Amino acid sequence: MSPGYDSFGLIDRRQRAAISLGAAREIFKDGHPRQGGFLPFGNGKSYGDTCHNDRGTLVDMRGHDKLISFDPQTGVLAAEAGLLLSDLIAIAAPHGFFPAVTPGTRFVTLGGAIANDVHGKNHHRRGTFGCHVEQFDLLKSDGEVVTCSASMNSKLFAATVGGLGLTGIILLARIRLMKVNSLDVEERVTPFSSLAEYFQMAQRADEDNEYAVGWIDQLSSGRNAGRGILITGNHADNGNFTAATKKSRLGVPFELPVSALNYPSLKLFNAAYFLLKSRRQAPHLSSYQTFFYPLDQVSNWNRLYGRAGLYQHQSLIPEELAPSVVPQMLHATRQAGQHSFLTVLKRFGSMASPGVLSFPQAGYTLTVDFPNRGTRTLALLERLDRMTIDAGGRVNPYKDQRMSPAIFKSGFSRWKELEYERDPAFSSNFWARTALAGETA
């Protein structure tokens, strides 16, 4: 049993059984299955229980991070699945390439980015991470290594992209990177006084910019309800390709006994953030670390939520209903007395992912997070689930720790396609709790 395999939400903390990739290969070769099965574990940045398999064994992929090849002419990179996005950027940046899609942290593994089919601030232009995966090698529990692409073992490829690690272990992958003129981003900040104003701006912002994201002051009410900031950006033309190599000096060195993110502190933070950002409306340069990964500048920032951890809820609302449903969801959070530190609203485009279980679809995605306050928080999350499904939307699995089987299956009608391709020796807490609950063989 080994510690260090919590998910980022820190909700369900315990020692977990884990083995190395080499040990897993030997087990698969000998044909000795373990009770409860296996699940690959990347860098633990998923918020909930998609990266846990407490009835079985985790396969630790950290350290399997070798670069296999990189073509500086085409931007095609091949590497082992444990390579961190931060190291990938350091390899590709001097040649003028950057990930076509990046999530909000650069400390995810290549395999994890594929297994969760992560998205970023430019879904309207580039789709999901899986849209840029050319092929990968997948280790199955019988010891076979299967090469998958859109044209080779295509059903297994589609099930693995966004497949939450359930089809086997991605050993190495080949992806296409994006040519850029600089790592720096020319950023523009536009304040808005209401959600209605944001929705009026959002489509045009996507049309004009590579990146766009809205930050909402979730605690504002009355005439300030729904105020926020629309942040847009495009890669600059200054030829700066210096990638970050130093770790942040800032951090939360220990776990707080209770959450530091209470109503007074968040009210003050939101007001100050809105004011400071609003003062920088003229286009200005932002480093890629600041623009894409602001929270990476504070290591272990999840400890701010206290020992009870945090829940994050990310919903997808269809475009035509979002202007009415999103304000109702934010009103519900205030009504419940729950206070979100990070409240983000983004517009997804229509580019389809190759993955059958990929989260993004055309519409708007709202992300909120709350300190874990027990039944009060769970009751709110269930209410947000229902509002999402009633609008024809879905809840993001890799941000989840507690959604019901009905909520999951209502949002992901193609889940059985993943179940059909799932390696029978692989499972997870999430899959057992949602997809397999109540199912009979």
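Because the structure is predicted, anything quoted here is derived from the model rather than measured.

(A) Representation of the packing of aromatic side chains. Within the structure shown, the criterion is met by 25 aromatic pairs. When the centroid spacing of 6.2 Å and the interplanar angle of 55° are considered together, the rings of F28 and F426 count as tilted. You can see F28 sitting in helix α1 (residues 21-30) and its partner F426 sitting in the loop between α12 (415-421) and α13 (429-433), a full 398 residues away along the chain. On the basis of relative accessible area, F28 is assigned to the buried category, the value being 3%. Here the aromatic rings of F408 and F430 are separated by 5.3 Å at their centres, their planes lie at 85°, and the arrangement is edge-to-face. Taken together, the positions of F408 in helix α11 (residues 405-411) and F430 in helix α13 put the pair 22 residues apart, joining distant regions of the chain. You can call F430 buried: its relative accessible area is 0%.

(B) Just helix α6 (residues 195-208), in detail. With 14 residues, α6 should reach 20 Å at 1.5 Å per residue; the first-to-last C-alpha distance of 20 Å fits that figure. At M201, α6 shows its maximal bend, which comes to roughly 35°.

(C) Geometry of the state of the cysteines. Throughout the structure, instances matching the rule amount to zero disulfides. The thiol sulfur of C148 is not disulfide-bonded, and the nearest other cysteine sulfur, from C131, lies at 17 Å. Residue classification places C148 among the buried positions, given a relative accessible area of 0%.

(D) A look at the sheet that holds strand β2 (residues 38-41). With respect to topology, three strands assemble into an open sheet ordered β1-β3-β2, the strand pairing being parallel. A single partner strand is all that each edge strand has here, and the edge strands are β1 (18-20) and β2. Sheet twist, expressed as the average angle between the axes of neighbouring strands with direction ignored, equals 35°. Summarising the sheet, β2 and strand β3 (residues 57-60) pair through four bridges and their orientation is parallel. In the sheet register, L39 faces β3, and the bridge partner there is L58. Strands in contact with α1 are β1, β2 and β3; relative to β1, the strand with the most contacts, it is inclined by about 90°.

Calculation criteria
- Residues numbered from 1 in each chain as written.
- Predicted model: local features only at pLDDT ≥ 70, side-chain atom pairs only at ≥ 80, totals over all residues.
- Heavy atoms only, no water.
- Phe/Tyr/Trp six-rings, centres within 6.5 Å; stacked < 30°, edge-to-face > 60°.
- Helix = DSSP H or I, 4+ residues; strand = E, 2+ residues; numbered from the N terminus.
- Buried < 20%, exposed > 50% of the residue type's maximum accessible area, 1.4 Å probe, protein only.
- Expected span 1.5 Å × (residues − 1).
- Bend = angle between axes of the 7 residues up to and from the residue.
- Disulfide = S-S within 2.5 Å.
- Pairing = 2+ DSSP bridges.
- Axes fitted to C-alpha atoms, helices over the stretch in contact; angles between N-to-C directions.
- Contact = heavy atoms within 4.5 Å.

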